[in-house]
Amino acid sequence: MPKSICIDEFLQRVDSQPDRNIWSVLIVPSPEIEETVEEVQEGLEIFLEQEIRTISATKGVSELIKQIENSSDRYLILWELDFWEAKDWQILDRFRSHLETKQGGVFILSFASAAIMRENAPNLLSWLRSRTYTAAIGAEYLTDEEIKIRLESLSKHLGYSHQEIIELAEQNQLPSDPEYGEWLILLDRGDLIVTR
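This one's a predicted model, so the numbers in the text were calculated from it and none came from an experiment. (Residues numbered from 1 in each chain as written. Predicted model: local features only at pLDDT ≥ 70, side-chain atom pairs only at ≥ 80, totals over all residues. Heavy atoms only, no water.)

## Description of the pairing of strand β2 (residues 22–27)
Line of reasoning, step 1. Where burial is concerned, most of β2 is hidden: 6 out of the 6 residues are buried.
Line of reasoning, step 2. Because side chains alternate across β2, one face comprises the buried residues Ile22, Ser24 and Leu26, and the other comprises Trp23, Val25 and Ile27, equally buried.
Line of reasoning, step 3. Where β2 lies against strand β5 (residues 104–109), 6 bridges are found, and the strand directions are parallel. Note on β5: the bridge partner recorded for Val25 is Phe107.
Line of reasoning, step 4. Where β2 and strand β6 (residues 132–135) come together, 3 bridges link them in parallel fashion. (Buried < 20%, exposed > 50% of the residue type's maximum accessible area, 1.4 Å probe, protein only. Helix = DSSP H or I, 4+ residues; strand = E, 2+ residues; numbered from the N terminus. Pairing = 2+ DSSP bridges.)

Below you can see the structure in the form of structure tokens.
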């Protein structure tokens, strides 16, 4: 299960890395992705004292790879990967070694796209696993009613009660799907999220 951290902590982690190629994944609730991209970009430009380029993946994996290869920027933010299918992640997985030509970057993913990446990009996942985080945002932006609706949706979709999720997390038996991390955050039990 990815560790839950706030954006400021994520920025500090990136800043504290040695001056070499480091890539990370930041998993964010879908409604907060655009704002998070802007916040991460602005924060990294201050911390790293350089321009940070964002690259949208809406034109597909081939165009994304082309933009990465042709970029002279030392740090990249990759986002808008929600429409990608399994085959797109499989192609990027084969391209993984090319990412090491850059200083570094971050994939900003929704919970859904993170789940698809996990299933279809084993090399990428293995490379990024220790630097994959769930952004501790979203819950503070949702109304109580929105949190209730989302929790009901998670319970119905995944087939557990809130208490069962907490018990599984306490026993370190919770599946690693990002939705479970989101569930714990919405239950205000982010303390139970651990990195595996």
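On we go from here.
## What about the nonpolar core?
Line of reasoning, step 1. Residues Trp89, Leu92, Phe107 and Leu124 are the most contacted members of the largest nonpolar core, which totals 27 residues.
Line of reasoning, step 2. Those residues in contact with Leu124 that sit more than four places away from it in its chain are Trp89, Leu92, Asp93, Arg96, Leu99, Phe107 and Met117.
Line of reasoning, step 3. Grouped together as the second largest cluster of nonpolar side chains are 20 residues, Val14, Leu26, Val40 and Ile108 included. (Core = buried A, V, L, I, M, F, W, Y, C linked by side-chain atoms within 4.5 Å. Contact = heavy atoms within 4.5 Å.)

## Observations concerning the environment of Glu38
Line of reasoning, step 1. You can see Glu38 is positioned in helix α2 (residues 33–48).
Line of reasoning, step 2. Judged by its relative accessible area of 42%, Glu38 falls in the partly exposed class.
Line of reasoning, step 3. Residues Glu38 and Leu11, 27 residues apart in the sequence, show an inter-C-alpha distance of 13 Å.

## Regarding the environment of Cys6
Line of reasoning, step 1. By secondary structure assignment, the location of Cys6 is in the loop between β1 (3–5) and α1 (7–16).
Line of reasoning, step 2. Given the relative accessible area of 36%, Cys6 is considered partly exposed.

## So, helix α5 (residues 111–120)
Line of reasoning, step 1. Among the 10 residues in α5, 7 count as buried, and that is most of the element.
Line of reasoning, step 2. Looking only at α5, the buried set comprises Phe111, Ser113, Ala114, Ala115, Met117, Arg118 and Asn120.

## A few points about the packing of helix α4 (residues 86–94) against α5
Each pair of packed helices can be summarised by the angle the axes make with each other and by the distance between the axes.
Line of reasoning, step 1. The N-to-C vectors of α4 and α5 enclose an angle of 60°; their axes lie 9 Å apart at closest approach. When the axes of α4 and α5 are compared, the pair comes out oblique. Crossing hand, α4 versus α5: right-handed. Facing Ala86, Trp89, Gln90 and Asp93 of α4, the residues of α5 in contact are Ser113, Ile116, Met117 and Asn120.
Line of reasoning, step 2. Residues of the contact of α4 with α5, tallied by class, amount to 4 nonpolar, 3 polar and 1 charged. (Axes fitted to C-alpha atoms, helices over the stretch in contact; angles between N-to-C directions. Parallel < 35°, antiparallel > 145°, perpendicular 65-115°, else oblique. Left-handed = near helix turned anticlockwise from the far one by under 90°. Nonpolar A, V, L, I, M, F, W, Y, C, P; charged D, E, K, R; others polar.)

## A look at unusual backbone geometry
Line of reasoning, step 1. Phi angles above zero are rare outside glycine, and Glu49 is one such case at about 55°.
Line of reasoning, step 2. Its identity as a non-glycine residue notwithstanding, Asn172 has a phi of 55°, on the positive side.
Line of reasoning, step 3. Structurally, the position occupied by Asn172 is in the loop between α8 (162–170) and α9 (178–186).

## Comments concerning the pattern of salt bridges
Line of reasoning, step 1. Following the criterion strictly, the structure yields 3 salt bridges and no others.
Line of reasoning, step 2. Where Glu85 meets Lys87, a salt bridge forms, and the shortest distance between an N and an O atom there is 3.8 Å.
Line of reasoning, step 3. A relative accessible area of 48% means that Lys87 is categorised as partly exposed.
Line of reasoning, step 4. Put simply, Arg118 and Glu119 hold a salt bridge, and the shortest N to O gap is 3.1 Å.
Line of reasoning, step 5. The class of Glu119 is exposed, set by a relative accessible area of 56%. (Salt bridge = Lys/Arg side-chain N within 4 Å of Asp/Glu carboxyl O.)

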